[in-house]
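Given next are the chains, with one letter for each unit.
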Amino acid sequence: MTVLNEIYEVDFRGFSYGFRPGRNPHQALDALSVGLHRKRVNWVLDADIRGFFDHVNHEWMLKFLQHRVADLRIVRLVQKWLQAGVSEDGEWSETKVGPQGAVVSPLLANIYLHYVFDLWVEVWREKVARGDVIVVRYADDLVVGFESRTEAERFLEEFRARLARFGLELHPEKTRLIEFGRFAVQNRKQRGEGKPETFTFLGFTHYCGKRRKDGVFIVWRETAKKRMTAKLREIKAELILRRHEPVPSVGAWLQKVTSGYFQYHAVPGNLPQLNLFRWRLRWIWWRALSRRSQRSRISWDRIHRLVERWIPVPRALHPYPMQRFDATHPRREPYA
């Protein structure tokens, strides 16, 4: 795996952020926000590849590897990983699609999309597009921004054909082309339409907004509702299992979980959602503690003290995207 990383890291494009050393989701989010602010983007394609990790074609995967890797021992090793199969309920079954390679799966998926998408979209942007085009990809989650709707629709049609050639397809319900950008609110208002639609990328819902100080366009981000709901359900289920543990022990566990959640989601503009998360967590913990005994329920005064003791108060832990991006790209390197 280390050898493959060293080989392909020099080839991977700058707009690819997933499962690469020294890169993380927040860098992808920063690049997307900066691109939407500084480029003439009016339309956004929120693309979802249906069951990507389950439909990677093994033959194409090996062809891609042989195009760059001359050592046949490495190719044969990857082939063994791909053919390792799946064991469910003690029964082994062969797999003909999907990177079933455990820890190497993300790297193989990156290699596959490097040839299927990255190289192709780079050429498309340089030779076909007439207006600005931004691209940000994190594993199989990708967003493409366009200046004109005509080019966006053309890209979408050609992208579908490109994926079909390699055994992949876009999810018809989750893939959307929406009007989004600094002029989206004004243009839709002139046509008598509602607010611009939103899209979700890496756990954050992105929507068009304005800064309170000067009314300048800004992309606001907040935690996606599905992600918050899923996390609260996960905590609720674990609290049921920990119902009869000492309260300080449960509080210490909740403190770690909440701190980890805030560490990822505490971006500027998202504090209302984090406060909502903390408020809902208070209710969940109160119900869990109240069911420890049938005789009495915990008072609100006590749960308030417990929350203040163990659940951290949210605060912004990340700078604004342009501040961090400019600090890491002093020469305005290609970012999206």
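The following paragraphs examine the structure supplied in this document. Model, not experiment: these values are computed from the prediction.

Rules used in this analysis
- Numbering of residues starts from 1 in each chain and follows the order in which that chain's sequence is written.
- A pLDDT threshold of at least 70 governs which residues receive local features in this predicted model, and a stricter bar of 80 or more applies before side-chain atom pairs are shown or counted, although totals over entire chains, interfaces and linings include all residues.
- For the side-chain quantities, the full set of heavy atoms in the structure was used; hydrogens and water were omitted.
- For two strands to count as paired, DSSP must find a minimum of two bridges between them.
- Each helix is a run of DSSP H or I of at least 4 residues and each strand a run of E of at least 2, with the numbering of both proceeding from the N terminus.
- All axes are obtained by fitting lines to C-alpha atoms, using only the stretch in contact for helices, and the reported angles, taken between N-to-C directions, cover 0 to 180 degrees.
- Note on definitions: a residue-residue contact is assigned when non-hydrogen atoms from the two residues lie within 4.5 Å.
- Each nonpolar core is a collection of buried residues, namely Ala, Val, Leu, Ile, Met, Phe, Trp, Tyr and Cys, held together in the definition by side-chain atoms within 4.5 Å.
- Relative accessibility thresholds used throughout: buried, under 20% of the residue-type maximum; exposed, over 50%; partly exposed, between the two (1.4 Å probe, protein chains only).
- Helices are assigned an expected span. That span is 1.5 Å times one less than the residue count.
- The directions considered for the arc run from the helix axis to the C-beta atoms.

### Quick notes on the sheet that holds strand β5 (residues 141-146)
Reading across from one edge, β4-β5-β1-β6 is the order of the 4 strands in this open sheet, with antiparallel pairing throughout. Each edge of the open sheet carries a strand with a single partner, namely β4 (133-138) and β6 (176-179). Averaged over all pairs of adjacent strands, the angle between their axes in this sheet comes to 15°, without regard to strand direction. Across 6 bridges, strand β1 (residues 43-48) lies against β5 in antiparallel orientation. Counted as the bridge partner of Ala-47 is Leu-142 from β5. The sheet strands contacting helix α2 (residues 25-38) are β1, β4 and β5, and the helix crosses β4 at an angle near 165°. Along the sheet, helix α5 (residues 105-127) contacts β4 and β5; its crossing angle with β4, the most-contacted strand, is approximately 175°.

### Details of the nonpolar core
Counting residues in hydrophobic clusters, the biggest one holds 47 residues, and the most contacted among them are Phe-117 and Phe-155. Counting residues per element, this core draws most heavily on α5, which supplies 12 residues. Not counting residues within four places of it along the chain, the set of residues in contact with Phe-155 comprises Leu-45, Phe-117, Trp-120, Val-121, Trp-124, Val-144 and Phe-146. Leu-239, Tyr-261, Ala-266 and Leu-306 belong to the second-largest nonpolar core, a separate cluster that totals 26 residues.

### What about helix α6 (residues 149-165)?
In this model α6 runs 25 Å from its N-terminal to its C-terminal C-alpha over 17 residues, within 8% of the 24 Å that 1.5 Å per residue would give. If you check which residues of α6 are buried, you get Glu-151, Ala-152, Phe-155, Leu-156, Phe-159, Arg-162 and Leu-163. Axial view of α6: buried residues confined to an arc of 135°, hence all on one face. Away from its buried face by more than 90 degrees, α6 exposes Thr-150, Glu-157, Ala-164 and Arg-165. Against the buried residues of α6 lie β1, α5, β4, β5 and β6.

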